[in-house]
Amino acid sequence: MAGHDANQRFADESTLEPEHIARARAHALELGAAPISAPVGAQCAVIAAASQALNIVEIGTGAGVSGLWLLHGSPRATLTTIDKEPEHLGAARQAFSEARIPAARARFITGRAAEVLPRMNEASYDIVLVDADPDGVIEYVEHGLRLVRAGGTVLVPRVLGHGAVADPVRRDPVTSAYRSLIQETQSSPAVIGALSIVGEGLLQLTTVPTA
């Protein structure tokens, strides 16, 4: 356990967060938002860059932090961000403006994901980031897998539940949902899945193109 903690600390300290994202993070914390950590953000940026993503959706804006990391990895992408908190969306809009993200590259939708996602076009996005109400994580991931193109990726941060998921004694609904999500997607032939334990954890699910 001590070695694991040391690895986590080293990863946290070794991740250099761009200044404009660090400013967005500070504002997010002032608002009481819970943005993804810098190590997880850096992983999301790498995935966006590797997939050459052009169309991205994020469920839960983190007051702009996660979106800035995704666009850091894929500067030509267009991001759609969904959040039920207008204040968080407003902070994201300000953070994007300060980072000189062109207005045409960001779309802000205020609303509950469960109501917005069914109206979005399927197989139209390269990446869907799910960082919203953990009670609905399985439903949001199902929508995400519908929205991404063949070979597209769904990203789920916080999936380790701050250590709760690894504890077999913990059986509360949120922990059980995360645990089921990890187990079921790892055995699914429809996706290639990987679980990163850096930061708060990141589940990566890439859809397998049909033959």
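Data block above holds the structure.
Right, let's walk through the structure included here.

The rules behind these values
Residues numbered from 1 in each chain as written. Predicted model: local features only at pLDDT ≥ 70, side-chain atom pairs only at ≥ 80, totals over all residues. Heavy atoms only, no water. Buried < 20%, exposed > 50% of the residue type's maximum accessible area, 1.4 Å probe, protein only. Helix = DSSP H or I, 4+ residues; strand = E, 2+ residues; numbered from the N terminus. Pairing = 2+ DSSP bridges. Right-handed = clockwise from strand over helix to strand, strands pointing away. 1 Å grid on protein atoms, 1.4 Å probe; cavity = no way out; pocket = protein on both sides within 12 Å on 5 of 7 lines; lining within 4 Å. Points joined across faces, edges and corners; volume = space filled by probe spheres on them. Nonpolar A, V, L, I, M, F, W, Y, C, P; charged D, E, K, R; others polar.

So, the pairing of strand β5 (residues 148-157)
Consecutive residues of a regular strand have side chains that alternate between opposite faces of the sheet.
Right, so step 1: When you tally the buried positions in β5, you get seven out of ten residues, the bulk of the element.
Right, so step 2: Where strand β4 (residues 125-130) lies against β5, four bridges are found, and the strand directions are parallel. When the bridges of β5 are listed, I127 appears paired with T153.
Right, so step 3: After leaving β4, the chain enters helix α7 (residues 137-147) and then returns to the sheet as β5, a path that is right-handed.
Right, so step 4: In this structure, β5 lies alongside strand β7 (residues 202-207), joined through five bridges in antiparallel fashion. Residue pairing across strands places V156 opposite L203, the latter belonging to β7.

Notes on empty space enclosed by the protein
Right, so step 1: Under the counting rule described, the total for this entry stands at one cavity of 30 Å³ or more.
Right, so step 2: Residue lining of the largest cavity: V130, D131, A132, D133, P134, V137, V156, P157, R158 and Y178, and that is the complete set.
Right, so step 3: Considered class by class, the residues forming the lining of the largest cavity number seven nonpolar, no polar and three charged.

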